[in-house]
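Each chain, letter by letter, is given below.
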Amino acid sequence: AQRVTQPEKLLSVFKGAPVELKCNYSYSGSPELFWYVQYSRQRLQLLLRHISRESIKGFTADLNKGETSFHLKKPFAQEEDSAMYYCALSRFYGGSQGNLIFGKGTKLSVKP
Amino acid sequence: EPEVTQTPSHQVTQMGQEVILRCVPISNHLYFYWYRQILGQKVEFLVSFYNNEISEKSEIFDDQFSVERPDGSNFTLKIRSTKLEDSAMYFCASKQGSGANVLTFGAGSRLTVL
């Protein structure tokens with residue numbers, strides 16, 4: 001079964017500390033992985049996708065097919081990073097590319 | 001920056017009533033989606049729509065649900081006879097084409113069924 005697991009409901013760190021939000025997936029085919037972010041009172045927005053291999057707002061995520069993981073990392077957290085983070089998976093090819101399977105989300109709280 | 005617009009932002013309805021949630025996707029986008037999020041749970045895929053027809057739907061999207069693109073700009077989700085368990089945040093999303101797998105989400109419509 002296709003599944004995305006985010007084991008932490010809440011992650012609380014101090015400003016300047018490193019952050020790692022965990023995401024593991026279960027998928028039989030070739031997946032595309034995403035991180036979406038939802039800031040307070042704002043809409044879900046794409047943070048990054050694994051095929052882009054880019055750093056957005058200091059965040060990076062590497063797809064580890066052996067461990068079926070796509071953890072989100074940032075070396076120095078900022079208060080403005082406080083938000084809800086969702087890991088999501090989609091089929092890489094085919095007409096169903098936009099049918100995302102989401103994890104339950106991790107609320108990141110960065111304290112001053 | 002172009003946005004996906006959803007109305008209403010919040011709707012309260014009685015059980016058994018019909019509800020229509022409206023979405024205006026980004027104008028040059030071709031793929032449209034509805035997702036929902038029950039309070040405290042994950043965002044779940046409901047249905048995808050392309051070329052004026054449903055391309056895929058989930059188990060949640062039963063006969064009580066329907067989607068329509070009535071006038072080339074709006075994309076609607078209708079729930080024919082609402083149940084208590086339909087209370088959720090409903091998100092519309094759109095995607096430009098089959099290449100880049102990047103969805104733009106609306107702000108959501110909160111549905112409360114009493």
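Rules used throughout
- Residues numbered from 1 in each chain as written.
- Chains lettered and ligands numbered in written order.
- Predicted model: local features only at pLDDT ≥ 70, side-chain atom pairs only at ≥ 80, totals over all residues.
- Heavy atoms only, no water.
- Helix = DSSP H or I, 4+ residues; strand = E, 2+ residues; numbered from the N terminus.
- Buried < 20%, exposed > 50% of the residue type's maximum accessible area, 1.4 Å probe, protein only.
- Rg over C-alpha atoms; globule rule 2.2 N^0.38 Å.
- Contact = heavy atoms within 4.5 Å.
- Pairing = 2+ DSSP bridges.
- Core = buried A, V, L, I, M, F, W, Y, C linked by side-chain atoms within 4.5 Å.
- Buried area = accessible area lost by both parts, 1.4 Å probe.
- Salt bridge = Lys/Arg side-chain N within 4 Å of Asp/Glu carboxyl O.
- Polar contact = N/O pair within 3.5 Å; in protein donor to acceptor, adjacent residues only side chain to side chain.
- Disulfide = S-S within 2.5 Å.

Colleague: Help me out: how do you make sense of the overall build of chain B in this one?
Modeller: Looking only at helices and strands, one finds zero helices and eleven strands in chain B. Along chain B, helices and strands appear, N-terminal first, in the series β-β-β-β-β-β-β-β-β-β-β. Across its three principal axes, chain B shows a C-alpha extent of roughly 40 × 25 × 25 Å. Taken across its 114 residues, chain B has 46% of its residues classed as buried.

Colleague: Help me understand the overall build of chain A in this model?
Modeller: Each helix and strand counted, chain A has zero helices and eleven strands in total. Going from N to C terminus, chain A has its helices and strands arranged as β-β-β-β-β-β-β-β-β-β-β. For 112 residues, the compact-globule formula gives about 13 Å, and the C-alpha radius of gyration of chain A, at 14 Å, lands near that figure. Referenced to the eigenvectors of the C-alpha coordinate spread, the extents of chain A come out at roughly 45 × 30 × 25 Å. Residue burial in chain A is summarised as follows: out of 112 residues, 46% are buried. Contacts in chain A between residues at least 24 apart in sequence constitute 58% of all its contacts with a sequence separation of at least 6.

Colleague: Can you help me understand the sheet that holds strand β3 (residues 19-21) of chain A in this one?
Modeller: Sheet strands line up and pair through hydrogen bonds in the backbone, either parallel or antiparallel. All names here are of chain A. Spatial ordering of the open sheet is given by β3-β8-β7, a layout of three strands whose pairing is antiparallel. The sheet is open, and its two edges are formed by β3 and β7 (60-61), each paired on a single side. Note that β7 and strand β8 (residues 72-74) share two bridges and pair antiparallel. Looking at the pairing, A61 lines up with L72 of β8.

Colleague: Which parts of the structure should I look at to understand the nonpolar core?
Modeller: Here is a general trend for soluble globular proteins: nonpolar side chains tend to be buried in one another's company. Among the nonpolar cores identified, the biggest contains 25 residues, and W35, L72 and Y85 of chain A are the most heavily contacted of them. Elements that contribute at least two residues to this core include exactly β2 (10-14), β3, β5 (31-38), β6 (45-49), β9 (83-91) and β11 (106-111) of chain A. Looking at this core element by element, the count peaks at four residues for β9 of chain A. Those residues within four positions of L72 of chain A in sequence are excluded, and the remaining contacts are V19, E20, L21, W35, L47, L48, F59, T60, A61 and Y85 of chain A. Core analysis: the next-biggest nonpolar cluster, separate from the first, contains 22 residues, V19, W34, V47 and L111 of chain B among them.

Colleague: Hey, could you run me through the interface of chain A and chain B in this one?
Modeller: Interface size, as often reported, equals the accessible area lost upon joining of the parts. Contacts between chain A and chain B engage 20 residues on the former and 21 residues on the latter. Of the roughly 1800 Å² buried at the junction of chain A and chain B (both faces included), carbon and sulfur atoms supply 47%. It is R43, N99 and F102 of chain A in chain A that bury the most area against chain B; as a group they hold 32% of the surface buried on that side. Our enumeration of links across chain A and chain B arrives at one salt bridge. Between E3 of chain B and R43 of chain A there is a salt bridge, and its shortest N-O distance comes to 3.6 Å. Taken together, the connections running from chain A to chain B amount to five residue pairs in polar contact (both at pLDDT 80 or more). Examining the composition of the side of chain A that touches chain B, we find that four residues originate from one element, β5 of chain A, more than from any other.

Colleague: How do you make sense of the pattern of salt bridges when you look at a structure like this?
Modeller: Where charged atoms from two side chains of opposite charge approach closely, those side chains can pair. Following the criterion strictly, the structure yields seven salt bridges over all chains and no others. Across the pair E20 of chain A and K73 of chain A runs a salt bridge whose closest N-O atoms are separated by 3.7 Å. Of this pair, E20 of chain A sits in strand β3 while K73 of chain A is found in strand β8, placing the two residues 53 residues apart along the sequence. The shortest N-O distance in the salt bridge between K78 of chain B and E18 of chain B comes to 4.0 Å. Of the two residues, K78 of chain B sits in strand β8 (residues 75-79) while E18 of chain B sits in the loop between β2 (10-13) and β3 (19-24), which places them 60 residues apart along the sequence. Here K78 of chain B falls in the partly exposed class, since its relative accessible area comes to 29%. Put simply, E20, K22 and K73 of chain A are held in one network by salt bridges that share partners.

Colleague: I would appreciate a short explanation of the state of the cysteines in the present structure.
Modeller: Disulfide: a covalent bond connecting the sulfur atoms of a pair of cysteines. Under the defined criterion, the tally for this structure stands at two disulfides over all chains. Sulfur-sulfur distance for the disulfide between C23 of chain A and C87 of chain A comes to 2.0 Å. In this structure, the disulfide formed by C23 of chain A and C87 of chain A twists by about -65° around the S-S bond and is classed as left-handed. With C23 of chain A in the loop between β3 and β4 (24-26) and C87 of chain A in strand β9, this pair connects stretches of sequence that are 64 residues apart. For the pair C23 of chain A and C87 of chain A, one class covers both residues: buried. Across the disulfide from C23 of chain B sits C92 of chain B; the S-S distance is 1.9 Å. In this structure, the disulfide formed by C23 of chain B and C92 of chain B twists by about -65° around the S-S bond and is classed as left-handed. A residue pair is termed long-range when its members are at least 10 positions apart, and C23 of chain B in strand β3 and C92 of chain B in strand β9 (residues 88-95) qualify at 69 residues.

Read these as layout, nothing more, since geometry by itself doesn't imply function.
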